[in-house]
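Chain and residue survey
Residues per chain, in single letters:
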Amino acid sequence: RQKDLQSVARTFADKEFAPMMREWDEEEHFPIDVLRKSASLGFGGLYVRNDVGGSGLGRLEASLVFEALSMGDVSTTAYMTLHNMCAWIIDAFGSEQQRQKYLPRLTSMELLSSYCLTEPGAGSDAANLSTKAVRKGSHYVLNGSKAFISGAGASEVYLIVARTGDAGPKGISCFIVEKGFKGLSFGKKERKVGWNSQPTRAIIMEDCEVPVENLVGAEGQGFFIAMSGLNGSRLNIGAAQASLEATLEYVKDRKRSRDLGAASQTDYKLADLATSLLSSRLMIRQAAMAMDRNDSNASLFSSMAKLHASERCFAIIDECFQVLGGYGYLEGHKLNIYLRDARVHRILGGTSEIMHPREQPCVVSAPVTPVPATTQLLLCPVCSRAFKLGKNQNCYLRRHLKNVHNLSPTLHPRKCKWDSIPNGRVKYDKDCRERSLASKRLWARKSRLRRKAEEAAVVLCMLTDTNDAMPGL
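Bear in mind the structure is a predicted one, so any value in this text is a computation, not a measurement. (Residues numbered from 1 in each chain as written. Predicted model: local features only at pLDDT ≥ 70, side-chain atom pairs only at ≥ 80, totals over all residues. Heavy atoms only, no water.)

Glancing now at helix H6 (residues 96-107). The end-to-end C-alpha separation of H6 is 16 Å, in line with the 16 Å expected for 12 residues at 1.5 Å each. All of the buried residues along H6 are Gln98, Arg99, Tyr102, Leu103, Leu106 and Thr107. Down the axis of H6, the buried side of the element spans an arc of 115°, and every buried residue falls inside it. Residues of H6 that are buried sit in contact with helix H3 (32-39), helix H5 (74-93), strand S1 (113-116), strand S4 (157-163), strand S5 (172-178) and strand S8 (215-216). Remark: Met109 follows H6 within two positions and exhibits a positive phi of approximately 60°. (Helix = DSSP H or I, 4+ residues; strand = E, 2+ residues; numbered from the N terminus. Expected span 1.5 Å × (residues − 1). Buried < 20%, exposed > 50% of the residue type's maximum accessible area, 1.4 Å probe, protein only. Arc of directions from axis to C-beta. Contact = heavy atoms within 4.5 Å.)

A separate point is the packing of helix H4 (residues 59-70) against H5. The relative placement of two packed helices is expressed as an angle between their axes plus a distance between the axes. Viewed as axis vectors pointing N to C, H4 and H5 meet at an angle of 155°, and their least axial separation amounts to 8 Å. The angle between the axes of H4 and H5 places the two elements in the roughly antiparallel class. Every pair of crossing elements has a handedness; the one defined by H4 and H5 is right-handed. Facing H4, whose interface residues are Arg59, Phe66, Leu69 and Ser70, H5 presents Val74, Thr77, Met80, Thr81, Asn84 and Trp88. Tallied by class, the residues present in the contact of H4 with H5 amount to five nonpolar, four polar and one charged. (Axes fitted to C-alpha atoms, helices over the stretch in contact; angles between N-to-C directions. Parallel < 35°, antiparallel > 145°, perpendicular 65-115°, else oblique. Left-handed = near helix turned anticlockwise from the far one by under 90°. Nonpolar A, V, L, I, M, F, W, Y, C, P; charged D, E, K, R; others polar.)

Let's shift gears to the pattern of salt bridges. Evaluated as defined, the whole model comprises 18 salt bridges. Residue Glu245 is joined to Arg10 by a salt bridge in which the shortest nitrogen-to-oxygen separation is 3.0 Å. Residue Glu245 is located in helix H8 (residues 240-253), and its partner Arg10 is located in helix H1 (residues 2-17); the two are separated by 235 residues in the primary sequence. On the accessibility criterion, Glu245 (30% relative accessible area) is partly exposed. Using a relative accessible area of 26% as the deciding quantity, one classes Arg10 as partly exposed. Across the pair Arg281 and Glu67 runs a salt bridge, and its minimum N-O distance is 2.7 Å. Here the residue Arg281 occupies a position in helix H9 (residues 260-292), and Glu67 occupies one in helix H4, the gap between them amounting to 214 residues. Each of the salt bridges in this network shares a partner with another, and the network as a whole consists of Arg49, Asp51, Asp91, Glu96 and Arg99. (Salt bridge = Lys/Arg side-chain N within 4 Å of Asp/Glu carboxyl O.)

Here it is as structure tokens:
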């Protein structure tokens, strides 16, 4: 199913996006008709529930689709990811009335949507946004502005995050604002380095009246909603694969140097780029699967994937650009467009500099395998292998010591005493330390094991919550 979905998306991208990418970029054309064609394949609401026209897929399948589409045109695919994010927010956090009113037309892309978080004075520090929303009777009155909004002016539905309470993230709420609402206007169309197939404008709200029923979720939930949406959008990046494919095609067709060293250097570079691409793809897939299973660290994995993939994929495109030489530098070459379009991925959705601090908790708190609350663990004092201490007490550790290390210890959960060792019976008493050994060499070995056991002793891992996990990387 996933391969078929990926194949359909790649075929659509090659047929509808790739031939028009250069023209859309040069003329700054927003291809609404092609977007609606993609919606007929289910790409307008990939992770929206089926009852309102969505495809009901997971984040993993969505990452496959968006990567395939971006091989045709990064800019247009990027808008589709934002539209899908808006539809998902309404589906996940909106009321049933909101779902039935907006989602059937959003999933078909009859209505287009835009996500409005960034402000002129609050980019990465989104929790300190200044747009105000004050309730007056049956409406909220919004005042403020949003900057760099993709699709602004062309979209009919806007998810706007505004402050309804005190300073900080808990005072932020989310609203559905329609294009025709009184007090909503747009700035001039921005001229950009890339992403030219979608319009970007500022949004201005001057006493903009929004009905109370257009509040998404509850008051104060807006920041959580906004961040949840971004976690998913961070997984939808691409273009490196298409750049690498174009470079491989160029290298095969071009007459290679007779200098084996120079030729192999290019091969080595391409191999390194393919390795970087695969590592980025795997991190995106891991983060997508974490979101699908509602993993507690999904946000962390998403940030790590966004940081690594956006940085590495831009570097891949840049290196491919280098391999193509002067041909890549020509204005009409598609790598020229890929490079300009991919550059903004290191900024939007959280800059690379902002992503770094989000990764710090993983060093001390990233989970491995969950351990039940009643479980105790014993460490082998010889090789440090862990064993559960359950109903049979230390039988697993005793068997391990006997079979692997040829030792027969008597263990207590908090003490270790050694009754015997190979080739000689030992009676050990902690107070008297009487020896009955036939060999000093054997005694020395036994003493080393005893000291190691006393130092390592027995590791008891008592967990207070069944959802807790052993710390690790």
